[in-house]
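Architecture and fold: a report
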Amino acid sequence: MSNVLLGLLSFPVMLGLIFLRVPIGIAMLATGVFGSFLITGSFNPMLAQFKSLTYSTFSSYSLSVVPLFLLMGAFATLSGMSGKLFDAAASWLGHRKGGVAMAAIGASAGFGAICGSSLATAATMGKVALPELKKYGYSGALSTGTVAAGGTLGILIPPSVILVIFAVQTEQNIARLFMAAFLPGILAAIGYIIVIAIYVRMAPGSGGQRERVPYGQRFSQLVGIWPVIAVFIAVIGGIYTGIFTPTEAAAIGAAGTGIIALATRSLSRRGLSEVFLSTASATAMIFFIVLGAAALNSFLALSQLPQVAAAWVGDQGLNPWLVLTVVLLLYLVLGCVMDSLSMILLTVPIVYPMMLALDFGLAPDDFAVWFGIIVLIVVEVGLITPPVGMNLFIINSMAKKVRLSETYRGVLPFVASDIIRTIILVAFPPITLALVWLFY
Amino acid sequence: MGQDVTLRVHQFLPAQAPIPSQAIAPWAEAIEAESDGRIAVELYPAMQLGGAPDSLFAQAQDGVVDVIWTVLGYTPGRFPKSEVFELPFLITNGEDSSEAFYNYVMENSADEFASVHVIALHTHGPGLFHSKDPIATLEDLQGMKVRGGSRIISNMLGQLGAEPVGMPVPETAEALSRGVIDATTVPWEVTPSLRLTELVTNHTGFSGEQGLYSQTFGFVMNRGTYEGLPEDLRAVIDANSGIEVSRAFGAVMDAGDEAGLQIAVDAGNSIVTLDEEETARWKEAAQATIDQWFADMDAIGIDGQALYASAQEHMAAVSGQ
Amino acid sequence: MFQDNSPLGRSVYGLAKGLALLGGVVMVAVIIMITLSIIGRTFIWAGLRPILGDYELSSMGIAFTVFTFLPWAHLERGHAIVTLITDRFGPRFNAWLLVITDAMMLATAAFIAWRLYDGMLDKFAFRETTLLLRVPLGWAYAAAFVGASVFVIVAIYVLGRSVTNAVTGRTEPDRAGAEI
Ligand code: NA
Ligand code: NA
């Protein structure tokens, strides 16, 4: 059997394992180790490789940014800033039609600016926003749909853990990717707010509004969220201006949100232990998959599949935009059953060189950034597409009286806005690249 | 396709960088041609087969791959005796210094490479300063934040009065452009890939043949792979190993230096060569680094002074050619 | 024996939790170190200086941290899985499936620890050190090996727990799991 064919066959085998509930990291690692055995005829290369592979993967300076961002988000979650963010957003938006839901989106965007993960954003904002939404008569479908969709802003607005992983995998600059994510992230928030405005008009009685708040109070509540703004500016500003490396910025951010938690007196011994343990679970989950991906990638490189696939796609004279559309649709489908990180780690080694071989009229570095952002958006849609969407599950479990089918129904308009946004960003690369071009 | 053996060559730079494209690829072609296609060489650039650059040497030793090219300084402590070629103001151009380094290792530190089969050993050309503000005298360096790529270089920067900042290469360009560091030390060969000439406008080298410092590289093969080759194929490898191959790798470094220098000249940057008197001051200041290295070697039971003397002899021998 | 409220279960939980918390403390130490180094770098003009080897210290610290987190994540079922298809099968099928995947996790943990141990011996034998501080890498590997060993212990316990559950027909309580 040719090595390329082996590489190709490894995917159905691996997906089979994954669908049989084998932890994704193990499926990738085992496929890598056994695949490499089939190519080299010996286990020795992989045995030798693993003498240093685990440690060198875990000690990668670029990846050390990941646990630090997770810790930063965990402190932010603990600190109760989500409540202040919601209050501030609600004082500006709450009196509009559907305004309380809009405020939940605004607060999610704000929280996303200091939290690099989607689920943490969804869960934190769910705690704050769901009771308020209920109080003002929002339907279960709209409430849970809003908060689940808002959670994806945690990843779309920088800092973003998934973007870090993509940057490391494709050897791109994290700062450039964060910069590129900014406008699409804002567009996402605006898109969700428009969805809510249309939703409450088309389904009257699905949501109410709050009393109008005088401007003095609105501004004083904006002032109240200054620590969030300060941390965001320090972290993202520090990365954008290059004063800090991403790892340093994440350390500063974790210190910043830790101090906020301390200042708001939420940092008890118990709270600190919760912060550490939730960071531990998420960190280990990510690094375990990254380790599996390292073994898998090394096998795939040996099989020459990525090189052959890229050359093949380049030779076919296919329409690049058609290929991109097919790839994005595949991501969308895969996203209905899989988590975004695994999807990226699993597919990028094959898909990225293939896409690089096509001509989109962009410089390679610009293409990498643009493609990275679009893939990020599409895999994040996976978090809110039925039947398997982690954000849907977590939010639904928090809203005890809402059926899962209602949540599925409520989130669909948000998925639609995601798809429209993706089409816009695909059609107009400058929207994504403008800030990058401006600053680099 | 009728080949008897496949050699997998792994290294950390992209395929189009000077050494991979102008030294390793021609070597691979020569091997394939001279073996009548019985040896197939597969090139894996940019750590495609996995692991970090600092695991490359172990990969060759343990047979993860067959051949690797690496910076010896990526595994500090592993090649203490070979490290002498990193000392300040020892090496000259890449081609001659590579021959001297190869001969030096064969005479003094072959044991450090006993676990592999050596194909080539080489250095890069003279390292020098690339800075935002001009460095015309030793005083200009005082308090300047400078990146150094190894402990010897960092020690030296500190002893020369600079503030050494340790930092991975990929971070350098960004750090320079944002003022985290004011200067960096690399040979000209590296400057195009880092786009250094766009980030700094001053480059400071030294009078005389010797450069500020160098780094050392190894192009080595798994011992089992080498010994398992049939005799005639081993002869093909042997014919493409040793001093001449080492010189060829060094020559690629020199050509890269010229190309890098030309880019800086074309950009209209200020390129300063310190005069003999000023260079002598730097050499004097850098003596502390050499003494420090002697002390470090003493501590692990190695006669650093004798090794340094041998390195100087080997350098003198090639310079006389 | 293999129950979370048994003496064995409580000790394994204590061990994994204690180690993860230690990892958290090391992470905080890394954060403080990085902050001090940035301050030192910013105020070089005032006579301060960055911490020598800050990059390698943070790499080493975070590597140790990640190793200390592995056991806890497995104990708490934090690793990413896809249950879309298996949810359609009955609890008995899933209980035995869990036994198989937990055995795979034990094999993986043992594999990681075994290779890491050999890697540690190599690092000591070849006297490899970090770049600037010249910390012997063998010690960094040894610290990581502590985490890897506890990972194996936890994997044994978790396998025992799922075997017991499969045999007795109990089901494991749902755990939140980790997500990002
Ligand atoms: Na974010
Ligand atoms: Na989904």
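All values derive from a computational prediction rather than experimental measurement.

Next up on the list: the interface of chain C and chain A. At the junction of the two partners, chain C supplies 56 residues and chain A supplies 61 residues. Contact between chain C and chain A buries roughly 5400 Å² in total, counting both sides, with carbon and sulfur atoms accounting for 79%. The tally of links from chain C across to chain A stands at 2 salt bridges. Across the pair A:Glu248 and C:Arg41 runs a salt bridge whose closest N-O atoms are separated by 2.8 Å. In this structure, the connection of chain C to chain A is made through 7 residue pairs in polar contact (both at pLDDT 80 or more). Secondary structure elements with two or more residues in the side of chain C that touches chain A: helix H1 (7–42), helix H2 (54–75), helix H3 (91–125) and helix H4 (137–168) of chain C. Counting residues per element, the side of chain C that touches chain A draws most heavily on H3(C), at 15 residues. By residue class, the composition of the side of chain C that touches chain A is 38 nonpolar, 12 polar and 6 charged.

With that out of the way, let us pick up the environment of C:Ile38. Positionally, C:Ile38 belongs in helix H1. Classification of C:Ile38 by relative accessible area gives buried; the value is 7%. As a C-alpha pair, C:Ile38 and C:Val150 span 112 residues in sequence and 34 Å in three-dimensional space. Filtering out sequence-adjacent residues up to four positions away, C:Ile38 remains in contact with A:Phe244, A:Glu248 and A:Ile252.

Residues and elements named next belong to chain B. The mixed open sheet is built from 5 strands, whose spatial order is E2-E1-E3-E10-E4. One side of each edge strand has no neighbouring strand; the edge strands of this open sheet are strand E2 (39–44) and strand E4 (116–123). Across the sheet, the mean angle separating the axes of adjacent strands is 20 degrees when strand polarity is ignored. Pairing between strand E3 (residues 67–71) and strand E10 (residues 216–222): 5 bridges, direction antiparallel. Bridged to Ile68 within E10 is Val220.

Residues and elements named next belong to chain C. Following the UniProt record, the feature "transmembrane region" (unreviewed entry) maps to residues 21–45, 57–75, 95–117 and 137–160 here. Between the end C-alpha atoms of residues 57–75 the distance is 29 Å, and the span holds 100% helix and 0% strand. With 100% helix and 0% strand, residues 95–117 has its two end C-alpha atoms placed 33 Å apart.

Residue and element names in this part refer to chain A. In the first shell of the sodium ion (ligand 1), the protein supplies Gly112 (O), Cys115 (O), Gly154 (O), Ile157 (O) and Pro159 (O), at 2.2 to 2.4 Å from the metal. Of note, the sodium ion (ligand 1) draws all its donor residues from one chain, in the sequence arrangement G-x2-C-x38-G-x2-I-x1-P. Taken together, the residues Cys115 in the loop between helix H6 (99–112) and helix H7 (118–135) and Pro159 in the loop between helix H9 (153–156) and helix H10 (161–170) connect sequence positions 44 residues apart. Across this residue pair, the class does not change: Cys115 and Pro159 are buried.

All chains considered together, the criterion is met by 43 aromatic pairs over all chains. Measuring from ring centre to ring centre gives 5.4 Å for A:Phe367 and A:Phe371, while their planes differ by 10 degrees; the resulting arrangement is stacked. Residue A:Phe367 and its partner A:Phe371 are both found in helix H19 (residues 364–384); the two are separated by 4 residues, about one turn of the helix. Here A:Phe367 falls in the buried class, since its relative accessible area comes to 4%. A residue is classified by how much of its surface remains accessible, and A:Phe371, at 1% relative accessible area, is buried. Seen from their ring centres, C:Phe89 and C:Phe93 are 4.7 Å apart, and the 65 degrees between their planes marks the pair as edge-to-face. Relative accessible area serves as the criterion here: at 40%, C:Phe93 is assigned to the partly exposed category. Ring pairing ties together the aromatic residues A:Phe166, A:Trp321, A:Tyr352, A:Phe360, A:Phe367, A:Trp370 and A:Phe371, which thus form one cluster. Positioned above the aromatic ring of B:Tyr226, the side-chain terminus of B:Arg234 is 5.8 Å from the ring centre.

All names here are of chain A. Relative to each other, helix H15 (residues 269–303) and helix H16 (residues 305–315) sit at 60 degrees, their axes nearing to 5 Å. As the angle between them shows, H15 and H16 are arranged oblique. Of the residues in H16, those touching H15 at Leu300, Ala301 and Ser303 are Leu305, Pro306 and Gln307. In terms of residue class, the contact of H15 with H16 is made up of 4 nonpolar, 2 polar and no charged.

This next bit is on the packing of helix H4 (residues 65–79) of chain A against H15(A). Residues and elements named next belong to chain A. The geometry of H4 relative to H15 is characterised by a closest axis approach of 9 Å and an angle of 145 degrees between their N-to-C directions. Viewed along their axes, H4 and H15 form a crossing whose handedness is right-handed. Packed against H4, whose contacting residues are Val66, Pro67, Leu70, Leu71, Ala74, Phe75 and Leu78, the element H15 presents Gly271, Leu272, Val275, Phe276, Ser278, Thr279, Ala282, Thr283, Ile286 and Phe287 at the interface.

A:Tyr55, A:Val66, A:Phe69, A:Met355, B:Trp27, B:Phe85 and B:Phe219 are the most contacted members of the largest nonpolar core, which has 285 residues in total. Sorting elements by how many residues they give to this core places H15(A) first, with 21 residues. The residues contacting B:Phe85, other than those within four sequence positions of it, are B:Leu90, B:Ile91, B:Ser97, B:Ala100, B:Phe101, B:Tyr104, B:Thr123, B:Ser214, B:Thr216, B:Ala311 and B:Met315. Ranked by size, the runner-up nonpolar core spans 31 residues in total, among them B:Val165, B:Val186, B:Leu212 and B:Ala286.

Criteria and cut-off values
- Numbering of residues starts from 1 in every chain and runs along the sequence as written.
- Labels follow written order: the first chain is A, the first ligand is 1, and so on.
- Selection of residues for local features in this predicted model requires a pLDDT of at least 70, selection of side-chain atom pairs for listing and counting requires 80 or more, and totals for whole chains, interfaces and linings are taken over all residues.
- Side-chain metrics rest on all non-hydrogen atoms present in the structure, leaving aside hydrogens and water.
- In this analysis, two residues are considered to be in contact whenever any of their non-hydrogen atoms come within 4.5 Å of each other.
- Joining two parts hides part of their accessible area as seen by a 1.4 Å probe, and the buried area is that hidden amount summed over both.
- Throughout this description, the term salt bridge denotes a Lys or Arg side-chain nitrogen within 4 Å of a carboxyl oxygen of Asp or Glu.
- Here a polar contact is recorded for every N or O atom pair within 3.5 Å, except that within protein the pair must consist of a potential hydrogen donor and a potential acceptor, and residues adjacent in sequence are included only if both atoms are side-chain atoms.
- Helical segments are the DSSP runs of H or I of at least four residues, strand segments are the runs of E of at least two, and each set is numbered from the N terminus.
- Only Asp, Glu, Lys and Arg are considered charged in this grouping, and only Ala, Val, Leu, Ile, Met, Phe, Trp, Tyr, Cys and Pro are considered nonpolar; every other residue, Gly among them, is considered polar.
- A 1.4 Å probe rolled over the protein chains alone gives each residue an accessible area, and that area as a share of the maximum for its type sets the label: buried under 20%, exposed over 50%, partly exposed in between.
- A pair of strands is considered paired only if DSSP assigns at least 2 bridges between the two.
- To obtain an axis, a line is fitted to C-alpha atoms, over the contacting stretch when the element is a helix, and the angle between two such axes runs from 0 to 180 degrees between their N-to-C directions.
- UniProt positions are given in the numbering used here, feature names are shortened, and annotations may be inferred rather than shown by experiment.
- For Na, K and Ca the donor cut-off is 3.2 Å; for every other metal, N, O and S atoms count as donors within 2.8 Å. Water does not enter the count, which can leave sites looking incomplete.
- Centres within 6.5 Å make a pair out of two Phe, Tyr or Trp rings, where for Trp the six-membered ring is used; the pair is then stacked when the planes are under 30 degrees apart, edge-to-face when over 60, and tilted otherwise.
- In this scheme, Lys NZ or Arg CZ marks a charge over a ring once it lies within 6 Å of the ring centre and within 35 degrees of the ring normal.
- Here the word oblique covers every angle except those under 35 degrees (roughly parallel), over 145 (roughly antiparallel) and from 65 to 115 (roughly perpendicular).
- Should the near helix be turned counterclockwise from the far one by less than a right angle, the crossing is left-handed, whereas a clockwise turn marks it as right-handed.
- Definition of nonpolar core: a set of buried residues of the types Ala, Val, Leu, Ile, Met, Phe, Trp, Tyr and Cys, connected through side-chain atoms within 4.5 Å.

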